[in-house]
Each structure stands twice: as structure tokens, then as C-alpha cells.
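# Observations on the three-dimensional arrangement
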Amino acid sequence: MDNEVLLNQLEELAGKLGIEIRYGIIPGEDPHRSGGLCRVNGQYVLIMHSRSTAKEKIGFIIKTLKGFDMGDVYVIPVIRELLDKYEQKNEGVTL
């Protein structure tokens, strides 16, 4: 699956889990290591640097989603496989 399509699928899954994803320029930050999950007014918000590559964004979203219960949400097989194979190495997820 193409990285852009995969990224869109992960963003959709995050939305189903109540996680809003925001991209933006984070001044003075390394685009490869900036961002994080927070709660704003009770809503989960995942903030990522817009200059990160699609692969970096995918890894960051997968790492975040691993902390959420997906028992009641349909997850397409490709995404389920990535979540099951999640391995944290130096840069994140092995794709």
C-alpha cells in the first residue's frame, strides 16, 4: 500500500477513536522528532510537524494508536498487521 494511502487510512482510524490529528510548523523543532499526544478540553489531539515525511507520520500515528483500545472499531487488515508488528526502534515503526 502506498504511504500516502496508508497515512490517510491511519488518520481515519484515529478519527474513529476520537483522536484529532493536527499538522503544523513547530518553530525550532526537529521535524523528525517533534509532536505528541495531548488532551485539549477532554479531546485527544495528536500534534505532528507538517514537515515530517509520510513514513515518519505513519510511525508516529501507529505508536500512538497502540495505546488505544480498538476492540469496537473495524481496522482494515493492512493496518491491523502493522499494529501487530509494531516494533519501536531508533526511528519508530518498522514498515
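Scroll up to find the structure this text is about.
Everything quoted here is computed from the prediction, not taken from an experiment. (Residues numbered from 1 in each chain as written. Predicted model: local features only at pLDDT ≥ 70, side-chain atom pairs only at ≥ 80, totals over all residues. Heavy atoms only, no water.)

## Overview of a nonpolar patch on the surface
On the surface, a nonpolar cluster with roughly 250 Å² of combined accessible area is contributed by M1, V5 and V78. Here V78 is to be found in helix α3 (residues 77–84). V78 sits in the partly exposed class, given a relative accessible area of 37%. (Patch = residues over 30% accessible without salt bridge, like charges linked within 9 Å, V, L, I, M, F, W, Y side chains within 5 Å. Areas by Shrake-Rupley, 256 points an atom, 1.4 Å probe, with all protein chains shown as cover. Salt bridge = Lys/Arg side-chain N within 4 Å of Asp/Glu carboxyl O. Helix = DSSP H or I, 4+ residues; strand = E, 2+ residues; numbered from the N terminus. Buried < 20%, exposed > 50% of the residue type's maximum accessible area, 1.4 Å probe, protein only.)

## Some remarks on the packing of aromatic side chains
One pass over the full model with this rule turns up one aromatic pair. For the pair Y44 and F68, a centre-to-centre distance of 4.9 Å together with 85° between the ring planes defines the contact as edge-to-face. Residue Y44 is located in strand β3 (residues 43–49), and its partner F68 is located in the loop between α2 (54–65) and α3; the two are separated by 24 residues in the primary sequence. Exposure remark for Y44: the relative accessible area of 27% places this residue in the partly exposed category. Assessed through its relative accessible area of 17%, F68 is described here as buried. (Phe/Tyr/Trp six-rings, centres within 6.5 Å; stacked < 30°, edge-to-face > 60°.)

## Details of the nonpolar core
Counting 22 residues, the largest nonpolar core has L10, L13, L17, I61, L65 and L83 as the members making the most contacts within it. Residue assignment for this core shows that the elements contributing at least two residues are α1 (3–16), β1 (19–24), β3, α2 and α3. The contact partners of L65, leaving out residues within four places of it in the chain, are L10, L13, A14, L17, I19, M70 and L83. (Core = buried A, V, L, I, M, F, W, Y, C linked by side-chain atoms within 4.5 Å. Contact = heavy atoms within 4.5 Å.)

## Notes on unusual backbone geometry
Residues other than glycine seldom take positive phi values, yet N41 does so here, at roughly 50°. Residue placement: N41 occurs in the loop between β2 (35–40) and β3.

## Description of α1
Here α1 is 14 residues long and its end C-alpha atoms lie 20 Å apart, about the 20 Å a rise of 1.5 Å per residue gives. Listing the buried residues of α1 in full gives L6, L7, L10, L13 and A14. An end-on view of α1 places all buried positions within 125° of arc, on one side of the element. Its buried side turned inward, α1 meets β1, α2 and α3. In this structure D2 caps α1, since a side-chain oxygen of it lies 2.9 Å from the backbone nitrogen of E4. In the segment just after α1, G18 is the residue with positive phi, at about 80°. (Expected span 1.5 Å × (residues − 1). Arc of directions from axis to C-beta. Polar contact = N/O pair within 3.5 Å; in protein donor to acceptor, adjacent residues only side chain to side chain.)

Remember that the coordinates give geometry; whether it matters functionally is a separate question.
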